[in-house]
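Coordinate analysis (summary)
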Amino acid sequence: MKKTEEGSRNYHFTSSCARVLPPFECRSDPDFSGAPRPEKFSAKLRAAENRGACGGAGLSSLIFRFPPNFVRHLSTKARRNCSNIGVAQVVAASWSNNPASDGFPPAAAAVDAAAALSPVEVETGDEKEVAVENGCCNGIGVQIDGLSDEKPYSFLSSDGSVAVHAGERLGRGIVPDPITTPVVNTSAYFFKTTAELIDFKEKRHASFDYGRYGNPTTVVAEEKISALEGAESTLLMASGMCASTVLLLALVPAGGHIVTTTDCYRKTRIFIETILPKMGIKATVIDPADIGALESALDKNNVTLFFTESPTNPFLRCVDIKLVSKLCHDKGTLVCIDGTFATPLNQKALALGADIVLHSATKFMGGHNDVLAGCISGSEKLITIVRNLHHILGGALNPNAAYLIIRGMKTLHLRVQQQNSTALRMAKILEAHPKVKHVYYPGLPSHPEHHIAKRQMTGFGGVVSFEVDGDLLTTAKFVDSLKIPYIAPSFGGCESIVDQPAIMSYWDLSQSERAKYGIMDNLVRFSFGVEDYEDVKTDILQALEAI
């Protein structure tokens, strides 16, 4: 060993085959045992003067450098289960530098050997260094006083119990800060003591108890959505319909009254028309732009909630959110806007006056056609009311799905920008095409609520609906002639999707019954993905030429 001085004193314990790793920072291990730890470890190096050769590939010494004022506590558990980074690096080095052909132990034996290593903490004034001395070359290690040799899992008598609890029951090792949010797959959370549980119940300790009531991964997704919507709180659920139905059940009392609009997602309409009446809840259905009808409904009824989409599905009608919010609030009525087609990037419903904004996060938020989820955002007071019922009914979002929502939202602005652009350009082309009778898109001046959309939206969305000049079969031929989009019942993903609502969503109804909802046989709903605009344009034009 030798001492070196470079401005301030540093002690490097080295030998003829020493290798110094680059300095790195490491946080201390969590201590879940509750037992006091010594403030310092006194260490005596017991090593022969001459360590001998290491075969040219051995690891004689590792230097781990920590920043000033860093107090490093190494527990017996940390050293023996390799949760300490230093020990893990010793093991890794022994695997790569000491091949079995040179007489060194294989990987499994290297773990046992490294677990016996004892890092040495040395005070140097400016920084602290931990030296792990020659543990894999000749078996001579560092002796550390003050550490108990008691095995951390001595209370377990069988390998089966050890396999269940080792590395976890007494607390896990180092918890790093990964770039991506970890997926916490658990159905329940434990408490170290009854006192900690009571603190949790009485709001003095922040944690979770049961998976249906919350999950750390899901909370990250909820906070991300709240930030985009400018909301106090967000609640994620298992699907968009789950969010819609739980919200309606939670906020509208038995015998209450709601107002909704003619154009909307069919399953939402079915719930309002067939399920809510069983609880004595009545609904008034109005045209999305009929402000007079809304005022009349508010005057004649004790309306609890005005519930609508904007833009709507599939005709992309727009509600003047600022105006209807004022009218409803003057009568004590809540306003909920389903902004799935808009996304939080194109429209801020809460800032326009709505009380709650709802999304099928399956669509643009997830954005990859690989997850089901729904969410509501609003004030803490209102979201808490819905959350309490949600905890009873279930419909909790799987944490893996929450991770996919988080992942998808990282590219939301990039995807929506491309989808907005492609949809608007294609809407203009379709409107001018001789084989297209009508185009429904709020970005077009011909749209009945274009003036509203311009005022309350920064982009008009990635979905365009239009009517082909033909009947059911002619329209089906157009759809089948497309090569890029998938024929599917969703929208908002990276892949373009097309569907013929008369077949996809209303096939169980007769032609005349479909017509009551404005669903004609030649209607097409096209969700633009993130493909190149020129490719999509070429595909649509060739499909139109095929009919």
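All values derive from a computational prediction rather than experimental measurement.

A few words on the pairing of strand S19 (residues 523–527). In terms of burial, S19 is largely enclosed, as five of its five residues are buried. Neither face of S19 is left uncovered, since the one carrying Leu523, Arg525 and Ser527 and the one carrying Val524 and Phe526 both have all their residues buried. Sheet analysis places strand S16 (residues 463–468) next to S19, joined by five bridges and oriented antiparallel. Among the inter-strand pairings, valine 463 is bridged to a residue of S19, identified as serine 527. As judged from the three bridges shared by strand S18 (residues 497–499) and S19, these two strands associate in the antiparallel manner. Paired with isoleucine 497 across the bridge in S19 is serine 527.

So, about the pattern of salt bridges. Overall, the coordinates contain 15 salt bridges when judged by the stated rule. Linking lysine 192 and glutamate 196 is a salt bridge whose minimum nitrogen-to-oxygen distance equals 3.1 Å. A salt bridge links aspartate 199 to arginine 204, with the shortest nitrogen-to-oxygen separation between them at 2.7 Å. What makes aspartate 199 partly exposed here is its relative accessible area of 26%.

Attention now moves to the environment of leucine 197. Summarising the element assignment, leucine 197 is placed in helix H5 (residues 194–201). For leucine 197, a relative accessible area of 30% translates into the label partly exposed. Considering only alpha carbons, one finds leucine 197 and serine 207, ten residues apart in sequence, at a separation of 9.4 Å.

Across the sheet, five strands lie side by side as S15-S16-S19-S18-S17; this open sheet has mixed pairing. Strands with a single pairing partner mark the edges of an open sheet, and in this sheet they are strand S15 (436–440) and strand S17 (486–487). When S15 meets S16, the two strands line up antiparallel, connected through four bridges. Pairing of histidine 438 across the sheet is with glutamate 467, part of S16. Along the sheet, helix H16 (residues 472–481) makes contact with S16, S17, S18 and S19, crossing S19 at roughly 20°.

This part is about the nonpolar core. Of all hydrophobic cores here, the largest spans 36 residues; its most connected members are Leu430, Val439, Tyr441, Val464, Phe466, Phe478 and Ile540. Among the elements of the structure, helix H14 (412–431), S15, helix H15 (450–456), S16, H16, S19 and helix H19 (533–545) are those that each provide at least two residues to this core. The greatest single-element share of this core, amounting to six residues, is contributed by H14. Looking at this core, you find at least three residues from each of domain 1 (159–410) and domain 2 (411–546). Counting residues in hydrophobic clusters, the runner-up holds 23 residues, among them Leu248, Ile258, Ile281 and Phe307.

Time to look at the sheet that holds strand S14 (residues 374–378). The strand order across the open sheet formed by seven strands is S8-S14-S13-S12-S11-S9-S10, and the pairing between neighbours is mixed. Here the strands that pair on one side only, and so sit at the sheet edges, are strand S8 (233–237) and strand S10 (282–286). Here the strands of the sheet are splayed against their neighbours by 20° on average, with no regard to which way each runs. As paired elements, strand S13 (residues 356–360) and S14 share five bridges and run antiparallel to each other. Bridged to leucine 358 within S14 is isoleucine 376.

So, on to unusual backbone geometry. Here the bond from serine 310 into proline 311 is cis, since omega is -5°, no more than 30 degrees from zero. Looking at where proline 311 falls in the secondary structure, it is placed in the loop between strand S11 (303–309) and helix H10 (321–330). The backbone of threonine 343 shows a phi angle near 70°, a positive value even though the residue is not glycine. Following the sequence through the fold, threonine 343 ends up in helix H11 (residues 343–346). Judged by its relative accessible area of 3%, threonine 343 falls in the buried class. The residue asparagine 369 is not glycine, and still its phi comes out positive at about 55°. Positionally, asparagine 369 belongs in the loop between S13 and S14. On the accessibility criterion, asparagine 369 (36% relative accessible area) is partly exposed.

Empty space within the second largest pocket amounts to approximately 740 Å³. Considering the residues around the second largest pocket, the lining is formed by 31 residues, among which Phe208, Tyr213, Gly214, Arg387 and His391 are closest to the centre. Tallying contributions element by element places helix H12 (residues 380–393) first for the lining of the second largest pocket, with six residues. Each residue belonging to the lining of the second largest pocket can be placed in one class, and the counts come to nine nonpolar, 13 polar and nine charged.

Next up on the list: the pairing of S13. Among the five residues in S13, five count as buried, and that is most of the element. Because side chains alternate across S13, one face comprises the buried residues Ile356, Leu358 and Ser360, and the other comprises Val357 and His359, equally buried. Sheet topology note: the strand S12 (residues 334–338)/S13 ladder contains three bridges and is parallel. Bridging across to S13, aspartate 338 finds its partner in leucine 358.

Within the sequence span of helix H9 (residues 291–300), burial applies to Leu294, Ala297 and Leu298. Taken around the axis of H9, the buried residues stretch over an arc of 100°, which confines them to a single face. Facing away from the buried side of H9 by more than 90 degrees, the exposed set consists of Asp299 and Lys300. Against strand S9 (257–261), S10, S11 and H10 lie the buried residues of H9.

About the cut-offs
- Residues numbered from 1 in each chain as written.
- Predicted model: local features only at pLDDT ≥ 70, side-chain atom pairs only at ≥ 80, totals over all residues.
- Heavy atoms only, no water.
- Buried < 20%, exposed > 50% of the residue type's maximum accessible area, 1.4 Å probe, protein only.
- Helix = DSSP H or I, 4+ residues; strand = E, 2+ residues; numbered from the N terminus.
- Pairing = 2+ DSSP bridges.
- Salt bridge = Lys/Arg side-chain N within 4 Å of Asp/Glu carboxyl O.
- Contact = heavy atoms within 4.5 Å.
- Axes fitted to C-alpha atoms, helices over the stretch in contact; angles between N-to-C directions.
- Core = buried A, V, L, I, M, F, W, Y, C linked by side-chain atoms within 4.5 Å.
- Domains from an automatic or database assignment.
- 1 Å grid on protein atoms, 1.4 Å probe; cavity = no way out; pocket = protein on both sides within 12 Å on 5 of 7 lines; lining within 4 Å.
- Points joined across faces, edges and corners; volume = space filled by probe spheres on them.
- Nonpolar A, V, L, I, M, F, W, Y, C, P; charged D, E, K, R; others polar.
- Arc of directions from axis to C-beta.

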